[in-house]
Amino acid sequence: MADSSCQVIDKLEREWRDALCRKDMDKLRSLVLIGTRSTGPFMLKREEWLDAIQKRDVETIELDVRDATALDQVMVGTIKAKWRLKYLGRVIEDCVLLTDVWVKDQGRWQAIRRHSTPAPAVDRADS
């Protein structure tokens, strides 16, 4: 079941990534995100996050689903993500470990929470 769950999470995360890259606001409107970073905790309300999406240009986002747990109506995925984007004229590169919580509502999966933790760009096992 873990492999199947990882495949579902991978598909959902790629849909999310593609919507971010296209700035597909209709697709993104159903997402609520909360995250933290090493520079200190912060929370983004949904509208703040959606506003920030329109001010940045995504160059690349790489995703690697590391783990997934699925119940009937809830899935939790652990994803390593690396991205490069331009935001307010600055280039930002980041690598994080994401924990996303997905809930099935009216037959479709929606991300209701995201937590991000800084991660090394290269895993020790990868080097």
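Predicted model, so just to flag it, every value in this text is computed and none were measured.

Definitions and limits used
Within every chain, residues take consecutive numbers counted from 1 along the sequence as written. It should be noted that, the model being predicted, local features are given only for residues of pLDDT at least 70 and side-chain atom pairs only at 80 or more, the latter also being counted only at that level, while totals for whole chains, interfaces and linings use all residues. In computing side-chain values, all of the structure's heavy atoms are included and hydrogens and water are not. Only runs of H or I of at least four residues qualify as helices and only runs of E of at least two qualify as strands under DSSP, and these elements are numbered from the N terminus. Each residue gets one of three labels from its accessible area relative to the maximum for its type: buried under 20%, exposed over 50%, partly exposed in between, using a 1.4 Å probe on protein chains only. Throughout, a residue-residue contact means that at least one pair of heavy atoms, one from each residue, lies within 4.5 Å. The accessible surface values rely on the Shrake-Rupley method and a 1.4 Å probe; as for residues, cover is taken only from the protein chains in view. Picture the helix axis, draw a direction to every C-beta atom, and the arc is the one those directions span. Grouping buried Ala, Val, Leu, Ile, Met, Phe, Trp, Tyr and Cys residues that are joined through side-chain atoms within 4.5 Å yields what is termed a nonpolar core. If DSSP finds at least two bridges between two strands, the strands pair. The convention used is that axes are lines fitted to C-alpha atoms, helices contributing only their stretch in contact, and that angles between N-to-C directions extend from 0 to 180 degrees. Think of a salt bridge as a Lys or Arg side-chain nitrogen and an Asp or Glu carboxyl oxygen that are within 4 Å of each other.

### Side note on the overall build of the protein chain
Logical step 1: Across its full length, the protein chain carries three helices and six strands.
Logical step 2: Relative to its full complement of 127 residues, the protein chain shows a buried share of 32%.
Logical step 3: The long-range share in the protein chain, meaning contacts at least 24 apart out of those at least 6 apart in sequence, stands at 51%.
Logical step 4: A total accessible area of about 8000 Å² is found for the protein chain, and carbon and sulfur atoms account for 51% of it.

### Some points on helix α3 (residues 46-53)
Logical step 1: Restricting attention to buried positions, one finds in α3 the residues Trp49, Leu50, Ala52 and Ile53. Along the axis of α3, the buried residues cluster in a sector spanning 160 degrees; they form a single face.

### Focus on the nonpolar core
Logical step 1: Counting residues in each nonpolar core, the largest one holds 23 residues, and the members touching the most others are Ile9, Trp16, Leu20, Leu28, Trp49 and Trp102.
Logical step 2: When contributions to this core are tallied by element, the ones reaching two or more residues are α1 (2-22), α2 (25-28), α3, β3 (56-70), β4 (74-87) and β5 (90-105).

### Re the sheet that holds β3
Logical step 1: If you walk across this open sheet you meet the four strands as β3-β4-β5-β6, and the pairing is antiparallel. Edge positions in the sheet fall to β3 and β6 (108-118), since each has one partner strand and no second. Within the sheet, the average angular offset between the axes of one strand and its neighbour, ignoring direction, is 25 degrees.
Logical step 2: Relative to β5, β4 runs antiparallel, the two being bridged by 14 bridges. Directly across from Leu85, in β5, lies its bridge partner Ile92.

### Remarks on the environment of Asp105
Logical step 1: Within the secondary structure, Asp105 is located in strand β5.
Logical step 2: Here Asp105 falls in the partly exposed class, since its relative accessible area comes to 37%.

### Digging into unusual backbone geometry
Logical step 1: Notably, Lys23 is not glycine yet its phi reads approximately 55 degrees, a positive angle.
Logical step 2: Secondary-structure assignment places Lys23 in the loop between α1 and α2.
Logical step 3: Positive phi, close to 55 degrees, is recorded for Gln106, a residue that is not glycine.
Logical step 4: By secondary structure assignment, the location of Gln106 is in the loop between β5 and β6.

### Topic: the pattern of salt bridges
Logical step 1: In this structure the tally under the stated criterion is 13 salt bridges.
Logical step 2: Where Lys55 meets Asp51, a salt bridge forms, and the shortest distance between an N and an O atom there is 3.0 Å.
Logical step 3: A salt bridge links Arg114 to Asp100, with the shortest nitrogen-to-oxygen separation between them at 2.7 Å. Placement of the pair is Arg114 in strand β6 and Asp100 in strand β5, with a sequence separation of 14 residues. Per residue, the accessibility class of Arg114 equals that of Asp100, and both read buried.
Logical step 4: Through salt bridges that share partners, Glu59, Arg84, Lys86 and Glu93 make up one connected network.

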